[in-house]
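Each chain, letter by letter, is given below.
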Amino acid sequence: MTATTRNREKPCVLIIDDEPQIRQFLRISLKTEGYELLEADNGETGLSLCARNSPDLVILDLGLPDMDGSDVLAALRQWSSVPVIILSVRDRELEKVKALDLGANDYVTKPFGIDELLARARTQLRNYQRSGGSATEASVTFDDGQLHIDLSLRHITVHGEPVRLTPKEFEVLKVLMLASGKIVTQSQLLKDIWGPTHTRDTHYLRILIGRLRQKLGDDPTEQNYIQTEPGVGYRFLESAARECR
């Protein structure tokens, strides 16, 4: 499925959650922001609504009455690339990693702040609309006046000075930029770049991210470009993603 927002006056958000209070809270907040809404209180109905209506964003609970939300996500990813934000009380790192590896774009734990959720929703919608459902290396550049990155040319400068990255440093940066705004799990990065036998070698990744931040002029205490999700993975920050084209 490709992005469908361009065919609607307003973006459409599908909420799949069995708690009426949560759905009501989200309904009021999202409608105030100008979104169209679809709602389902179980996984089967949610999948059916998604297939029939092609929403632009799905907010998915994991604890559904008829099937686990992770099974809904896995089924959805067989035929749709619609952005999915997991909204769940499950806060263990293992649950977050599992959902992200299955194809979730973001993960928010309950209780949650509505301003944060809305900001993450805007990020996912913006990225999806911009990419038409998928980003390509040739289409992604970044320039904030200090850091310039052109993935297709493999050209990077900081304050106008060329920056040399190792092949693995460039590959990590590319993966994060192509998924801008989305958490990429440690295991996925290790599998894609070091190979399937290295999915537990997180120290490789920590060292490489540290070097990459240093070369990009990214203060690890402020994390202006690459954000660490402790125990889960990394994301190219929304503030940086806004500059990606």
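All of these numbers come straight from a predicted model, not from anything done at the bench.

J.: Tell me about the sheet that holds strand β9 (residues 161-162), residues and numbers included.
T.: Taken together, four strands build an open sheet; the order of strands is β6-β7-β8-β9 and the sheet is antiparallel. The open sheet has two free edges, formed respectively by β6 (141-143) and β9, since each of these has just one partner strand. Of the pairings in the sheet, the one linking β6 to strand β7 (residues 147-150) comprises three bridges and is antiparallel in character. Residue pairing for β7: threonine 141 is matched across the bridge by aspartate 150.

J.: Would you mind going over the confidence of the model for the protein in detail, with residue names and values included?
T.: In this model, the protein carries an average pLDDT of 87, and 89% of its residues clear a pLDDT of 70 or more. Per-element confidence in the protein ranges from a low mean pLDDT of 51 for helix α9 (residues 238-241) to a high of 97 for strand β1 (residues 12-16). Long-range and interchain partners of residues 1-6, a stretch whose pLDDT sits below 50, account for 21 contacts in this model, where long-range means more than four residues apart. Within the model, pLDDT remains below 50 along residues 240-245, and this stretch shows 22 contacts once partners closer than five positions in the same chain are excluded.

J.: So what's going on with the sheet that holds strand β11 (residues 226-229)? Which residues, and what values?
T.: Spatially, the three strands line up as an open sheet ordered β10-β12-β11, and their pairing is antiparallel. Because the sheet does not close on itself, it has two edges, and the strands there are β10 (184-185) and β11. Of the strand pairs in this sheet, β10 and strand β12 (residues 233-236) are connected by two bridges, and their pairing is antiparallel. Residue valine 184 lies in a different strand from β12, and its bridge partner there is tyrosine 234. Across the face of the sheet, helix α6 (residues 167-178) comes into contact with β10, β11 and β12 while running at roughly 65 degrees to β12.

J.: Any details on helix α2 (residues 43-53)? Residues and values, ideally.
T.: Looking at α2, one finds that the buried residues are Gly43, Gly46, Leu47, Leu49 and Cys50. Here the buried residues of α2 occupy an arc of 165 degrees about the axis, which is enough to place them on one side. Facing away from the buried side of α2, by more than 90 degrees, are the exposed residues Glu44, Ala51 and Arg52. In this fold, the buried residues of α2 make contact with β1, β2 (36-40), β3 (57-60) and α3 (69-76).

J.: I'd love a proper account of the layout of surface pockets, names of residues and values included.
T.: Taken as a whole, the second largest pocket holds about 260 Å³ of empty space. Lining of the second largest pocket is provided by Glu93, Leu94, Val97, Asp101, Gln186, Ser187, Thr199, Arg200, Thr202, Gly231 and Val232. Among the secondary structure elements, those contributing two or more residues to the lining of the second largest pocket are α4 (93-102) and α7 (186-193). In terms of residues, the lining of the second largest pocket owes the most to one element, α4, which gives four residues. In the lining of the second largest pocket, the residues fall into three nonpolar, five polar and three charged.

J.: Tell me about the pattern of salt bridges, and name the residues and values.
T.: Overall, the coordinates contain 17 salt bridges when judged by the stated rule. In this structure, lysine 110 and glutamate 19 form a salt bridge, with 3.1 Å as the shortest nitrogen-oxygen distance. Here lysine 110, found in the loop between β5 (106-109) and α5 (114-131), pairs with glutamate 19, found in the loop between β1 and α1 (20-32); they are 91 residues apart in sequence, far enough to count as distant. Relative accessible area serves as the criterion here: at 12%, lysine 110 is assigned to the buried category. Here glutamate 19 falls in the partly exposed class, since its relative accessible area comes to 32%. Sharing partners across several salt bridges, the network here consists of Asp106, Glu116, Arg120, Glu229 and Arg235.

J.: Can you break down the packing of aromatic side chains residue by residue, with the values?
T.: In total, this model carries four aromatic pairs according to the counting rule given. Measuring from ring centre to ring centre gives 6.1 Å for tryptophan 194 and tyrosine 204, while their planes differ by 40 degrees; the resulting arrangement is tilted. Residue tryptophan 194 is located in the loop between α7 and α8 (202-216), and its partner tyrosine 204 is located in helix α8; the two are separated by ten residues in the primary sequence. Residue classification places tyrosine 204 among the partly exposed residues on the basis of a relative accessible area of 31%. In this structure an aromatic cluster arises from ring pairing among Phe142, Tyr225 and Phe236. Cation over ring: arginine 154 sits above phenylalanine 170, and NZ or CZ is 3.9 Å from the ring centre.

J.: Explain the packing of α7 against α8 residue by residue, including any values.
T.: Helix-helix packing is described using two parameters, namely the angle between the two axes and the distance between the axes. Closest axis-to-axis distance for the α7/α8 pair is 10 Å, and the angle between their directions is 90 degrees. Judged on the interaxial angle alone, α8 and α7 are roughly perpendicular. Counted together, Gln186, Leu189 and Leu190 of α7 and Thr202, Tyr204 and Leu205 of α8 form the full contact between these two elements.

Cut-offs used in this document
- Residues numbered from 1 in each chain as written.
- Predicted model: local features only at pLDDT ≥ 70, side-chain atom pairs only at ≥ 80, totals over all residues.
- Heavy atoms only, no water.
- Pairing = 2+ DSSP bridges.
- Helix = DSSP H or I, 4+ residues; strand = E, 2+ residues; numbered from the N terminus.
- pLDDT = per-residue confidence, 0-100.
- Contact = heavy atoms within 4.5 Å.
- Axes fitted to C-alpha atoms, helices over the stretch in contact; angles between N-to-C directions.
- Buried < 20%, exposed > 50% of the residue type's maximum accessible area, 1.4 Å probe, protein only.
- Arc of directions from axis to C-beta.
- 1 Å grid on protein atoms, 1.4 Å probe; cavity = no way out; pocket = protein on both sides within 12 Å on 5 of 7 lines; lining within 4 Å.
- Points joined across faces, edges and corners; volume = space filled by probe spheres on them.
- Nonpolar A, V, L, I, M, F, W, Y, C, P; charged D, E, K, R; others polar.
- Salt bridge = Lys/Arg side-chain N within 4 Å of Asp/Glu carboxyl O.
- Phe/Tyr/Trp six-rings, centres within 6.5 Å; stacked < 30°, edge-to-face > 60°.
- Lys NZ or Arg CZ within 6 Å of the ring centre and 35° of its normal.
- Parallel < 35°, antiparallel > 145°, perpendicular 65-115°, else oblique.

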